[in-house]
Amino acid sequence: MAPRPIIIDCDPGQDDAVCLFLAMSSPDELEILGITAVAGNVPLELTQRNARQMCDIAGRTDMPVFAGCSRPMVREPMTAEQIHGTTGIDGIEVVDPVTPLRSMHAVEFIIETLLAASEESVTLVPTGPLTNIATAIDKVPEILSHIDEIVLMGGAMREGGNRTPSAEFNILADPHAADIVFCCGRPVTAMGLDVTHKVLSTRKRVAKIKALNNPVATATAGMLGFFHRFDTKKYGSEGAPLHDPCTVAYLLQADIFDGKQCNVSVETQSRLTLGHTAVDFWNVTDRPHNTNWIYDVDPDAFFELLTGRLARFGD
Ligand code: BDR
Ligand code: CA
């Protein structure tokens, strides 16, 4: 089977970075058409640079990387340095990447690429605030019919929020964009905190990755070492949740996840619950199903997949 064409839209971020590595390790299954950066965990200047540094580390200096929106659609920008460090990828040394930044705006790249593709052929993989994707949909709605699926990291139901009591960071950082994406009419698969909080990068798991002893594995272990400190303290669990790589892991091995078709609606007004994802898990409204809401995963199978794929960079 031909590899599945994808665009990864991200805000690296240590867990976005690992997500990029996982995708770049899997060319038989995934054809990465481009990586688009958005402002999120840190400002755009840093997320696009970090994305390019990950391409360097993975030996993919040919990867097209684009910078997109530097601020959310409506709300004021917010970042997450308290979790990711001032660089976004604290835990490794930051260098000037060799992988160039393409001159086209990420939103233009998304529009152009989708319009040139066959109907229902391209999968979008957003792992940051949804500003780039929603802006593209808003500008040229004709792109929608070219999207096969949107597999995103964002939202929370049973877990509650990680940035406010009811909101997860990616949705809170641009709730208006998230509303557009969840309501866009194309199939959405969402990896919210309900599932990502089960994927814990424990010391033992990180040590296994570190032992692979190739540049990608070493960078992954370094970044997860930093990520670990904050989240372990916050959640009282051993190891930080590895949120974003759940998206690509799902594309590679969907059978390790469990999900349910639901309606997901995003709160865009409330001062108290802005960015909340109202997941109608028990079908108590007549709102239409718009999302495959993922709520469970086999974490050992996830880490086996991740570790096995990162080992490929040593070949
Ligand atoms: C999400 O927010 C960011 O901090 C992570 O990169 C992830 O995409 C988790 O809430
Ligand atoms: Ca992210």
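Since the structure is predicted, the reported quantities are computational estimates derived from the model, not experimental observations.

Engineer: Explain the pairing of strand E1 (residues 4-10) to me, please; I cannot follow it from the model alone.
Structural biologist: In the case of a regular strand, side chains alternate between the two sheet surfaces. Of all seven residues in E1, five are buried, a share of seventy percent or more. Looking at chain direction, E1 and strand E2 (residues 30-37) are connected through seven bridges and run parallel. Residue pairing for E2: isoleucine 8 is matched across the bridge by isoleucine 35. A crossover links E1 with its parallel partner E2, the connecting element being helix H1 (residues 14-24), and its sense is right-handed. Relative to strand E4 (residues 122-126), E1 is paired through four bridges, and the arrangement is parallel. Residue pairing in the sheet places isoleucine 7 in a bridge with leucine 124 of E4.

Engineer: Sorry, what's going on with the environment of aspartate 255 here?
Structural biologist: Within the secondary structure, aspartate 255 sits in the loop between helix H11 (245-252) and strand E9 (257-262). Classification of aspartate 255 as exposed rests on a relative accessible area of 66%.

Engineer: What is the right way to read the state of the cysteines from this model?
Structural biologist: With the rule as written, the count across this model stands at zero disulfides. Cysteine 246 takes part in no disulfide bond, and the closest cysteine sulfur to it belongs to cysteine 19, at a distance of 8.9 Å. A relative accessible area of 0% means that cysteine 246 is categorised as buried. The cysteine cysteine 262 is free of any disulfide, with cysteine 183 supplying the nearest cysteine sulfur at 14 Å. A residue is classified by how much of its surface remains accessible, and cysteine 262, at 0% relative accessible area, is buried.

Engineer: Could you clarify how one ought to interpret the packing of helix H5 (residues 131-139) against helix H7 (residues 175-182) in this entry?
Structural biologist: Angle between the axes and distance between the axes are the two parameters that describe a pair of packed helices. Two elements in contact, H5 and H7, have axes separated by 8 Å at closest approach and are oriented at 60°. By the criterion of interaxial angle, the relationship of H5 to H7 is oblique. Where H5 crosses over H7, the two elements pack in a sense that is left-handed. Contacts from Thr131, Ile133, Ala134 and Ile137 of H5 reach H7 at Ala177, Ile180 and Val181. Here the contact of H5 with H7 is composed, by residue class, of six nonpolar, one polar and no charged.

Engineer: Is there a simple way to explain the environment of lysine 198 in this structure?
Structural biologist: Residue position: lysine 198 is located in the loop between helix H8 (193-196) and strand E7 (200-201). Residues lysine 198 and valine 297 lie 99 residues apart in sequence; the distance between their C-alpha atoms is 7.2 Å. Ignoring anything within four residues of it in the chain, the contact list for lysine 198 reads Tyr295, Asp296, Val297 and Pro299. A distance of 3.0 Å separates a polar atom in the side chain of lysine 198 from the backbone oxygen of tyrosine 295. A distance of 3.1 Å separates the side chain of lysine 198 from the side chain of aspartate 296, its partner in a polar contact.

Engineer: Whenever I open this one, H11 confuses me. Can you help?
Structural biologist: What sets the pattern is the α-helix's 3.6 residues per turn: residues three or four places apart point alike. With eight of its eight residues buried, H11 lies for the most part within the structure. Buried residues of H11: Pro245, Cys246, Thr247, Val248, Ala249, Tyr250, Leu251 and Leu252, and no others.

Engineer: What's the story with the packing of H11 against helix H12 (residues 299-311) in this structure? I'm lost.
Structural biologist: Between H11 and H12, the shortest axis-to-axis distance is 11 Å and the interhelical angle comes to 90°. Classified by the angle their axes make, H11 and H12 are roughly perpendicular. In this structure, H11 contributes Pro245, Cys246, Ala249 and Leu252 to the contact, and H12 contributes Phe302, Leu305 and Arg309. Across the contact of H11 with H12, the residue classes tally to six nonpolar, no polar and one charged.

Engineer: Explanation requested: the pattern of salt bridges in the structure shown.
Structural biologist: A side chain with one charge can pair with a side chain of the opposite charge if their charged atoms come near. Evaluation of the coordinates by the stated rule reveals nine salt bridges. Aspartate 148 serves as the salt-bridge partner of arginine 4, at 3.6 Å between the closest nitrogen and oxygen. One end of the pair, arginine 4, is in strand E1; the other, aspartate 148, is in strand E5 (residues 147-153), with 144 residues separating them in the sequence. Residue aspartate 148 is classed as partly exposed on the basis of its relative accessible area, which comes to 26%. Through salt bridges with shared partners, a single network forms among Arg4, Asp148 and Glu149.

The rules behind each value
- Residues numbered from 1 in each chain as written.
- Chains lettered and ligands numbered in written order.
- Predicted model: local features only at pLDDT ≥ 70, side-chain atom pairs only at ≥ 80, totals over all residues.
- Heavy atoms only, no water.
- Buried < 20%, exposed > 50% of the residue type's maximum accessible area, 1.4 Å probe, protein only.
- Helix = DSSP H or I, 4+ residues; strand = E, 2+ residues; numbered from the N terminus.
- Pairing = 2+ DSSP bridges.
- Right-handed = clockwise from strand over helix to strand, strands pointing away.
- Disulfide = S-S within 2.5 Å.
- Axes fitted to C-alpha atoms, helices over the stretch in contact; angles between N-to-C directions.
- Parallel < 35°, antiparallel > 145°, perpendicular 65-115°, else oblique.
- Left-handed = near helix turned anticlockwise from the far one by under 90°.
- Contact = heavy atoms within 4.5 Å.
- Nonpolar A, V, L, I, M, F, W, Y, C, P; charged D, E, K, R; others polar.
- Polar contact = N/O pair within 3.5 Å; in protein donor to acceptor, adjacent residues only side chain to side chain.
- Salt bridge = Lys/Arg side-chain N within 4 Å of Asp/Glu carboxyl O.

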